[in-house]
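Structural overview
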Amino acid sequence: MDSNRKYVDDLKAYLNSLNDGDNITVTCDLLSAIEGSLNYISELENKNENAFMVKFVWSTDDDEGSEVELFENYDDAVKRFNEIIKNEKNPNYSWVANAFDENTFDDKNYELDYKLGKEFMYWSVSKRDDGNFYSTIILSKECVK
């Protein structure tokens, strides 16, 4: 865990050496979230427990992002996994909603891939004609020792 902390500290120092306003603020906010996750993992390591990670990675032609959340409880992780999917299907929130109609999926223009299991879930939508557009959500069980 000390090597992860050093990596985060080194990355923060490097980003702070750049003078790029908003991008630095957003990146430092992300690094703070990563640092918080590392602290949480350290706590779990001390307890020899499992954690459930929900990772959301998305991209469009002009932006991209990722979020990582850790949960002690599987049910909470599944709830968050499903919340993200629901948000992605909301036309006021995401382009992904264009792939879904009332009860159908537009498989001519979009690709849907998913796997639902007890310790691993995966849900991904992408545009067939533009690799820049994708939205992927992963829930996985992480053994913290």
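Scroll up for the structure.
Residues numbered from 1 in each chain as written. Predicted model: local features only at pLDDT ≥ 70, side-chain atom pairs only at ≥ 80, totals over all residues. Heavy atoms only, no water.

**Section: the overall build of the protein**
Of the regular secondary structure elements, the protein holds three helices and five strands. Beginning at the N terminus, the succession of helices and strands in the protein can be written as α-α-β-β-α-β-β-β. Taken across its 145 residues, the protein has 32% of its residues classed as buried. Accessible surface, the protein: about 9500 Å² in total, of which carbon and sulfur atoms supply 44%. (Helix = DSSP H or I, 4+ residues; strand = E, 2+ residues; numbered from the N terminus. Buried < 20%, exposed > 50% of the residue type's maximum accessible area, 1.4 Å probe, protein only. Areas by Shrake-Rupley, 256 points an atom, 1.4 Å probe, with all protein chains shown as cover.)

**Examining the side chain of S94**
The residue S94 is located in the loop between α3 (74-88) and β3 (110-116) in this model. Polar contacts involving the side chain of S94 include one to the main-chain amide nitrogen of V96, which spans 3.1 Å. Filtering out sequence-adjacent residues up to four positions away, S94 remains in contact with N87 and E88. (Polar contact = N/O pair within 3.5 Å; in protein donor to acceptor, adjacent residues only side chain to side chain. Contact = heavy atoms within 4.5 Å.)

**Observations regarding α3**
The end-to-end C-alpha distance of α3 is 21 Å, a good match for the 21 Å that 15 residues give at a rise of 1.5 Å each. Every buried residue of α3 is listed here: Y74, A77, V78, R80, F81, I84, I85 and E88. The buried residues of α3 occupy an angular sector of 160° when projected down its axis, which confines them to one face. Set apart from the buried face of α3 by more than 90 degrees, the exposed residues are D75, K79 and K86. The N-capping residue of α3, defined by a side-chain oxygen 2.6 Å from the backbone nitrogen of D75, is N73. (Expected span 1.5 Å × (residues − 1). Arc of directions from axis to C-beta.)

**A look at the sheet that holds β3**
What the five strands build is an open sheet, ordered β2-β1-β5-β4-β3; its pairing is antiparallel. At either end of the open sheet lies a strand with only one pairing partner, and these are β2 (64-71) and β3. Along the sheet, successive strands turn relative to each other by an average axial angle of 5°, direction set aside. As paired strands, strand β1 (residues 50-59) and β2 are joined by eight bridges and run antiparallel to one another. Residue pairing for β2: V57 is matched across the bridge by S66. Lying on the sheet, α3 is in contact with β1, β2, β3, β4 (120-127) and β5 (130-143); it crosses β5 at an angle near 170°. (Pairing = 2+ DSSP bridges. Axes fitted to C-alpha atoms, helices over the stretch in contact; angles between N-to-C directions.)

**Examining the pattern of salt bridges**
Within this structure, the stated rule accounts for five salt bridges. The shortest N-O distance in the salt bridge between E69 and R80 comes to 2.7 Å. Residue E69 is found in strand β2, and its partner R80 is found in helix α3; the two are separated by 11 residues along the sequence. For R128, the salt bridge is made with E111, and the minimal N-O distance between the two is 3.7 Å. Of this pair, R128 sits in the loop between β4 and β5 while E111 sits in strand β3, and the two are 17 residues apart along the sequence. (Salt bridge = Lys/Arg side-chain N within 4 Å of Asp/Glu carboxyl O.)

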